[in-house]
Amino acid sequence: MDQFSAVILAAGRGTRMRSSLPKVLHPLLGVPMLDHVFQHLREAGASDVIVVVGHGSDQIREHLRDADVRVAIQDPQRGTGHALLEALDQCPPRNQTVVVVNGDLPDLDSALVKRLVEQQVSNSAALTVTCGKVDHPQGMGRIIRSADAQISKITEEADLQASEREIQEVNLGLYALDHRQVLPVLRPMVEEDLSTDDSSKEAYLTRLVECLGIAGLHCQGWDCGISSEFAQVNDRRQLAEVSRLLQTRWQNHWMDQGVTIVDPSSTWIEMGVEIGQDTTIEPHTVIRRGVVIGQRCEIGPFAHIRSGTTLEDDVIVGDFVEVNRSRMATGSKAKHLAYLGDVSVGEKANIGAGAVIANYDGTHKHGTEIGNKAFIGSGSVIVAPGSIGSEAVVAAGALVPPGRVVEPGTTVMGVPAKVREDDRNKSDQICEDEKGT
Ligand code: UD1
Ligand code: MG
């Protein structure tokens, strides 16, 4: 496969999002749109990635601080053609072939990118435009073909003639080009487009098609065979639609791995998670980015498993339980109405209904250790930093103050919690049902 560079156009204002957050930083399944695009380009084999930033550039640059990309600045933002010119000028591509993609295509298909590069290279084209036929072309650039079926231009929605409105073949916002052929045409095109006093005038990348034709260079419109709506994100509705599309695919992946999702439509699983075989996810459960869940776990209904959490095998997290940045060891349970923040829960420990492990003192967050087979009673509060020994019992309604060490095998009760003098009959006093055994 030929080496190629990639340019992600991410400088636009994203006006239709109506947001103070740059469009490409809006998350889908917990991952910013830009990272989805970047990941797909890497999977396709891009060896050199350039991101053009402008609107909200500080935020995007901060986000990209540790990423293996070069950043070009477009300021002011004068259209996609101008953005491409800035990329090629500021960050000369390391390969002759350059894939250019709009930053608002999080559902980009890496196999499609590979096929595009093959099309470009095998035909020695100056520019290859990826085209598709969609049911709802509104808002997209229409592909105009000449009598010999060659692409002759792309017309943006605002410039369409009445007769062109019915055209369903559109520009998908994904291109491959030979930058050495394109640059001598792109530069004068942008200069001409922006040489007016109208500061709102933009230089469209799509006008390159006409300009390359005039210069006698080979430009091809590649019908990639896509027949449904291509997943671009211009506004919040499309953000939700594309998120749903990705979510369905992601859940199907986990079901194929042996995970039961009782009601996919009310379940939300972000990217980067791991879920073991024979785990069951009950309705209305949210699993955040990067969570690791073992085998045979029971999650939900109405559970919220947040980032930084690992649930080992055979863990039960029941209804209205939130687990945040915590580890629950094999066989541990929190079956009802609990909050666990920054906790390490030992094997077979039981967290009772309504128990709260309070990790935030208003300024800092602290951790708590709960030992193997410990029993945390209903309605108790353990204020971090906490240390509950193995097989220790925190009685129902107890408040364990910060820093208190509960020794293994002892029982604490009351507010604030004190060690119970007579510990001998503790198992009789906590009924088996409350223990959740
Ligand atoms: C663009 C295409 C349209 C195509 C559609 C596919 C142009 C002129 N139109 O329209 O033919 O059908 O994508 O999704 O290219 N950007 C910059 N700098 C700018 C302006 C935009 O970097 O000055 C970036 C944006 O951040 C965005 C991308 O370019 O990621 C596309 O811009 P957008 O405004 O979404 O273009 P569309 O209207 O979707
Ligand atoms: Mg767009």
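If you're wondering where the values come from, they're calculated on a predicted model, not measured in any experiment.

The rules behind each value
Each chain has its residues counted from 1, following the order in which its sequence is written. Starting at A for chains and at 1 for ligands, labels are handed out in the order in which the entities are written. For this predicted model, a pLDDT threshold of at least 70 governs which residues receive local features, and a threshold of 80 or more governs which side-chain atom pairs are given and counted, while totals over whole chains, interfaces and linings are taken from all residues. For side-chain calculations, the full set of non-hydrogen atoms in the structure is used, while hydrogens and water are omitted. The rule for a salt bridge is simple: a side-chain nitrogen of Lys or Arg has to be within 4 Å of a carboxyl oxygen of Asp or Glu. A helix here means a DSSP run of H or I that spans at least four residues, while a strand means a run of E at least two residues long, and both kinds are numbered starting from the N terminus. Throughout this description, buried means an accessible area under 20% of the type-specific maximum (1.4 Å probe, protein chains only), exposed means over 50%, and partly exposed covers the range between. A 3.5 Å cut-off defines polar contacts: any pair of N or O atoms within that distance qualifies, except that in protein one atom must be a possible hydrogen donor and the other a possible acceptor, and neighbouring residues in sequence count only when both atoms are side-chain atoms. Contacts are assigned to residue pairs with any non-hydrogen atoms lying within 4.5 Å of each other. Neither His nor the chain ends contribute to the count of charged residues, in which Lys and Arg are positive and Asp and Glu negative. Note: metal donors comprise N, O and S atoms at 2.8 Å or less from the metal (3.2 Å for Na, K and Ca); water molecules are not included, so apparent gaps in a site are possible. Strand pairing is defined by DSSP finding a minimum of two bridges between the two strands. Throughout, the edges of the domains are those of an automatic or database domain assignment. Two parts placed together each lose some accessible area; with a 1.4 Å probe, that loss summed over both constitutes the buried area. Gly falls in the polar group here, along with every residue not listed as nonpolar (Ala, Val, Leu, Ile, Met, Phe, Trp, Tyr, Cys, Pro) or charged (Asp, Glu, Lys, Arg).

Whenever I open this one, the pattern of salt bridges confuses me. Can you help?
Working definition: two side chains of opposite charge can pair if their charged atoms are close together. Summed over all chains, the structure comprises 21 salt bridges. With a shortest N-O distance of 3.2 Å, R42 and D68 are connected by a salt bridge. In this pair, R42 is assigned in helix α1 (residues 33-44) and D68 in the loop between α2 (57-63) and β5 (70-73), connecting sequence segments 26 residues apart. Classification of D68 as exposed rests on a relative accessible area of 59%. Between D313 and R296 there is a salt bridge, with the nearest N and O atoms lying 4.0 Å from each other. Taken together, the residues span a long stretch of sequence, with D313 in the loop between β20 (310-311) and β21 (316-319) and R296 in the loop between β17 (292-293) and β18 (298-299) at a distance of 17 residues.

What's the story with the side chain of S326 in this structure? I'm lost.
Take S326: it is sitting in the loop between β22 (322-324) and β23 (327-328). Only 2.8 Å separates the side chain of S326 from the backbone oxygen of N324, close enough to count as a polar contact. In terms of polar contacts, S326 uses its side chain to reach the backbone amide nitrogen of V343, at 2.9 Å. Ignoring anything within four residues of it in the chain, the contact list for S326 reads G308, T309, T310, L340, G341, D342 and V343.

What is the right way to look at the side chain of E164 in this model?
Mapped onto the elements, E164 comes out in the loop between β9 (151-155) and β10 (169-178). For E164, which is buried and forms no salt bridge, the nearest opposite charge comes from K153, at a distance of 4.6 Å. Residue contacts for E164: discarding those within four places in its chain leaves R142, I144, K153, T155 and D159.

Please explain the coordination of the magnesium ion (ligand 2) as it appears in this structure.
Think of it this way: four donors in a tetrahedron around the metal ideally sit 109.5 degrees apart, and six in an octahedron ideally sit 90 or 180 degrees apart. Only D104 (OD) and N234 (OD1) from the protein reach the magnesium ion (ligand 2) as donors, at distances of 2.0 to 2.2 Å. Linking D104 in the loop between β6 (97-102) and α4 (110-122) with N234 in the loop between β11 (219-223) and α7 (236-256), this pair joins segments that are 130 residues apart in sequence.

Is there a simple way to think about unusual backbone geometry in this case?
Backbone phi values are negative for most residues with the exception of glycine, while trans is the configuration of most peptide bonds. Here D75 and P76 are connected by a cis peptide whose omega angle stands at 0 degrees. Relative to the helices and strands, P76 is located in the loop between β5 and α3 (80-90). Cis rather than trans, the peptide bond between A384 and P385 has omega equal to 0 degrees. Within the fold, P385 resides in the loop between β31 (381-383) and β32 (386-388). A positive phi is found at D342, a non-glycine position, where the angle reads about 55 degrees. With respect to the helices and strands, D342 occurs in the loop between β25 (339-341) and β26 (343-345). The exposure class assigned to D342 is buried, which follows from its relative accessible area of 17%. Of note in the backbone geometry, K348 takes a positive phi value of approximately 55 degrees without being a glycine. If you trace the backbone, K348 turns up in the loop between β26 and β27 (350-351).

Help me understand the sheet that holds β21 in this model?
Paired through backbone hydrogen bonds, the strands of a sheet run either parallel or antiparallel to each other. Here we have ten strands laid out as an open sheet, ordered β12-β15-β18-β21-β24-β27-β30-β33-β36-β37, and mixed in their pairing. What marks the edges here is a single partner per strand, and that holds for β12 (260-261) and β37 (418-419). For strand β36 (residues 411-413) and β37, the ladder comprises two bridges, and the chain directions are antiparallel. Its bridge partner lying in β37, M413 is registered against K418.

Mind showing me how you'd approach the environment of V129 here?
Along the chain, V129 falls in strand β7 (residues 127-133). Separated by ten residues in sequence, V129 and G139 have C-alpha atoms that sit 17 Å apart. When sequence neighbours within four positions are dropped, the list of residues in contact with V129 reads I143, I151, I154, N171, L174, Y175, V209, Q220, G221 and W222.

Could you clarify how one ought to interpret the domain arrangement of the chain in this entry?
By a widely used convention, the size of an interface equals the accessible area lost when the partners come together. Here the domain parsing of the chain yields domain 1 (4-230) and domain 2 (238-435). On a C-alpha basis, the centres of domain 1 and domain 2 stand 46 Å from each other. Counting residues at the interface gives twelve residues for domain 1 and 13 residues for domain 2. In total, domain 1 and domain 2 occlude about 940 Å² of area from one another, counting both sides; carbon and sulfur atoms represent 71% of this. Of all residues in domain 1, the largest losses of buried area upon contact with domain 2 belong to L28, L29 and D107, amounting jointly to 60% of the total for that side. Counting the contacts that link domain 1 with domain 2 gives one salt bridge. The partner of D107 in a salt bridge is R249, with the nearest N and O atoms 2.8 Å apart. Between the two partners, domain 1 and domain 2, sit three residue pairs in polar contact (both at pLDDT 80 or more). Elements with a minimum of two residues in the side of domain 1 that touches domain 2: β2 (27-28), β3 (31-32) and α1. The residue inventory of the side of domain 1 that touches domain 2, partitioned by class, reads eight nonpolar, three polar and one charged.

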